Amino acid sequence: MGNWRDNLRKIQPYVPGEQPDLPDMIKLNTNENPYPPSPKVRKVLDRYREDMLRLYPDPASEKLTQAIARYNGVEREQVFVGVGSDDVLAIAFMTFFNSKQPILFPDITYSFYDVWAELFQIPYRQIPLDEDFRMVKEDYFGENGGLVIANPNAPTGVYQGIDALEEILRHNQDVVVIIDEAYVDFSQEGSAKDLVERYDNVLIVQTYSKSRSLAGMRIGHAIGSRDLIAAMNDVRFSFNSYPMTRLSTEVGVAAMEDEEYFRETCGKVVSAREWTKKELARLGFAFQDSMTNFVFATHETVPAQVIYEGLRAKHIFVRHFSTPRIENYLRISIGTDREMRRFVEETERIIEDYCGM
Ligand SMILES: *Cc1c(COP(=O)(O)O)cnc(C)c1O
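Residue numbers run consecutively from 1 along every chain, following the written order of its sequence. pLDDT decides what is reported in this predicted model: residues at 70 or higher carry local features, side-chain atom pairs at 80 or more are listed and counted, and totals for whole chains, interfaces and linings draw on all residues regardless. Side-chain metrics rest on all non-hydrogen atoms present in the structure, leaving aside hydrogens and water.

**Description of the overall build of the protein**
- Note on conventions: DSSP H or I runs of at least 4 residues are helices, E runs of at least 2 residues are strands, and numbering of each starts at the N terminus. Helix and strand content of the protein: 11 helices and 12 strands.
- Between the two quantities, the radius of gyration covers C-alpha atoms and the globule rule is 2.2 Å times the number of residues to the power 0.38. Over its C-alpha atoms the protein spans a radius of gyration of 21 Å, differing by no more than 12% from the 21 Å that the globule rule assigns to 357 residues.
- Each principal axis of the C-alpha atoms in the protein carries an extent, and together these give about 65 × 60 × 55 Å.
- Here the protein holds 357 residues, and the buried ones make up 52% of them.
- Taking all contacts inside the protein whose residues are at least 6 apart in sequence as the whole, residues at least 24 apart take part in 74%.
- When the accessible surface of the protein is summed, it comes to about 17200 Å², and 49% of that surface belongs to carbon and sulfur atoms.
- Counted charges follow a simple rule, with Lys and Arg positive, Asp and Glu negative, and His plus the chain ends left uncounted. Charge placement uses NZ in Lys and CZ in Arg. For Asp and Glu, CG and CD serve respectively. Positive and negative side-chain charges of the protein, numbering 41 and 55 respectively, have mean locations separated by a distance of 5 Å. Per-residue accessibility, obtained with a 1.4 Å probe over protein chains only, is compared with the maximum for each type, and a residue is labelled buried under 20%, exposed over 50%, and partly exposed between these values. Whether two residues are in contact is decided by their heavy atoms: any pair within 4.5 Å suffices. Note on areas: Shrake-Rupley with a 1.4 Å probe; residue coverage comes only from the protein chains shown.

**Details of the packing of aromatic side chains**
- Here is the rule: rings of Phe, Tyr and Trp (six-membered ring for Trp) pair when centre to centre is within 6.5 Å. Planes less than 30 degrees apart are stacked, more than 60 are edge-to-face, and the remainder are tilted. Considering all chains together, one arrives at 17 aromatic pairs under this definition.
- Ring centres of phenylalanine 133 and phenylalanine 296 lie 6.0 Å apart, and the angle between their planes is 50°; this geometry places the pair in the tilted category. Pair noted here: phenylalanine 133 is in the loop between strand E4 (124-127) and strand E5 (147-150) and phenylalanine 296 is in strand E10 (residues 294-299), with a separation of 163 residues, a long-range link.
- According to the relative accessible area criterion, phenylalanine 133 is buried, its value standing at 6%.
- Take phenylalanine 296: its relative accessible area is 1%, and that puts it in the buried class.
- The rule for a charge over a ring is simple: NZ of Lys or CZ of Arg within 6 Å of the ring centre, and within 35 degrees of the ring normal. Of note, arginine 212 hangs over the ring of tyrosine 71, and the distance from its end group to the ring centre comes to 5.1 Å.
- In this structure, arginine 212 packs its charged tip against the face of phenylalanine 262, placed 3.9 Å from the ring centre.

**Here we look at the nonpolar core**
- Residues enter a nonpolar core if they are buried and are Ala, Val, Leu, Ile, Met, Phe, Trp, Tyr or Cys, with the set joined through side-chain atoms within 4.5 Å. The biggest cluster of nonpolar side chains holds 34 residues, and the ones touching the most others in it are Leu28, Val318, Ile332 and Phe343.
- Of all elements in the fold, only helix H9 (259-282), E10, helix H10 (304-313), strand E12 (330-333) and helix H11 (337-354) reach the threshold of two or more residues within this core.
- The element best represented in this core is H9, accounting for seven residues.
- Note that the domain bounds reflect an automated or database-derived domain assignment. When we break this core down by domain, the ones giving at least three residues each are domain 1 (20-37 + 260-355) and domain 2 (39-257).
- Apart from residues no more than four positions distant in its own chain, phenylalanine 343 is found in contact with Leu28, Thr276, Leu280, Leu311, Ile316, Val318 and Ile332.

**A closer look at the site of the ligand**
- We call a residue near a given molecule or strand whenever any one of its heavy atoms falls within 4 Å of it. Taken together, the neighbourhood of the ligand is formed by Gly84, Ser85, Asp86, Leu89, Tyr110, Asp180, Ala182, Tyr183, Thr207, Ser209, Lys210 and Arg218.
- Definition of a polar contact: a pair of N or O atoms within 3.5 Å, with one able to donate and the other able to accept a hydrogen when the atoms are protein atoms, and with sequence-neighbouring residues admitted only if both atoms are side-chain atoms. At 2.7 Å from a nitrogen atom of the ligand is found a side-chain nitrogen or oxygen belonging to aspartate 180.
- Threonine 207 is positioned with one of its side-chain polar atoms (N or O) 2.5 Å from an oxygen atom of the ligand.
- Protein contact buries 92% of the 390 Å² of open area that the ligand shows by itself.
- Looking at the shell around the ligand, the element that brings in the most residues is helix H3 (residues 84-96), giving four residues.
- Looking at the shell around the ligand, its residues break down into four nonpolar, four polar and four charged. We call Asp, Glu, Lys and Arg charged. Ala, Val, Leu, Ile, Met, Phe, Trp, Tyr, Cys and Pro are nonpolar, and the rest, Gly among them, are polar.

**Regarding the pairing of E10**
- Counting buried positions along E10 yields six of six residues, so the element is predominantly enclosed.
- With burial as the criterion, each face of E10 is covered, one bearing Phe294, Phe296 and Thr298 and the other bearing Val295, Ala297 and His299.
- Paired strands, as defined in this entry, are two strands with at least two bridges between them according to DSSP. Taking the residues between adjacent antiparallel strands as the criterion, strand E9 (residues 285-287) and E10 are bridged by six residues.
- Where E10 lies against E12, four bridges are found, and the strand directions are antiparallel. By the bridge assignment for E12, valine 295 is matched with isoleucine 332.

Shown next, in the form of structure tokens:
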């Protein structure tokens with residue numbers, strides 16, 4: 001046997017939530033949107049001529065890039081598009097984090113960050129969040145190789161005010177600061193994208209997977225200064241020159257242009273979230289005030305694992321992480337009103353059974 005194994009890039013991959021496929025399931029485990037994408041997306045699919053698929057797509061996905069630029073009031077050169085925001089984030093890590101200093105991100109956050117750091121051999125340090133899952137901003141003021149901040153954070157749901165982010169930015173002008181806004185459309189205060197006008201080192205990353213119901217299409221984007229975006233494009237085109245499919249470009253434009261539908265579905269998710277919070281509090285759960293399309297909750301008596309298994313037996317899927325500090329929490333994605341009522345009923349039953357009532 002040869003020794004090729006000695007030279008493998010060994011890596012523990014990120015583990016996404018499972019994708020079960022049961023006809024009666026209620027799927028609240030991967031923060032997908034319970035509503036279909038905009039009817040304008042349906043129209044694109046109905047009219048799509050398969051003959052177009054013979055041809056390579058536009059390498060720069062110009063139509064989509066321009067739609068995103070228009071929507072966000074920035075220049076076309078300030079927009080980067082990718083195959084989901086995971087792709088955008090991975091390219092950003094590769095492009096910007098080449099210092100000997102460690103990059104910093106919270107200990108409880110999107111669990112892909114440490115995987116990319118390992119994959120690209122970037123030194124990193126995970127900074128503990130406080131007891132309420134908030135960032136201690138002074139912890140990010142020292143020398144470092146860059147910052148990654150999910151806002152609102154996942155899986156905690158906590159939103160960090162834009163003032164606090166700006167204060168962190170002011171102390172970090174020699175490195176790139178990535179703000180991952182996967183859930184920002186479900187928050188009241190909204191995006192930190194205006195910081196891009198004043199700081200040429202901040203990169204705002206967003207996705208179509210959650211608020212625009214297109215997780216299956218894989219579309220994400222970043223907004224930043226021209227120099228940041230140009231550097232990312234150089235890396236991008238050094239390993240894949242046609243990242244976006246023709247279809248995803250068309251679908252992305254259609255989804256971005258249906259503002260009314262977007263607002264309506266986000267509104268429905270937010271009101272179901274607020275209802276779910278009230279019910280969870282009634283059932284004895286504690287949680288931070290989530291600004292996302294999920295709630296991250298722990299029960300006062302019943303272990304998270306017990307609730308997780310009990311729900312699973314009823315084909316209701318939520319997410320449980322066996323990670324220190326959060327092993328007694330469940331991350332519950334917000335579904336339709338009906339799905340959330342079922343979830344609450346079954347959870348109440350599990351709690352009653354456990355407490356021997
Ligand atoms: C879902 C998610 C992403 C990735 O979304 P894509 O589907 O790859 O666009 C990125 N960051 C966070 C924090 C997420 O929760």
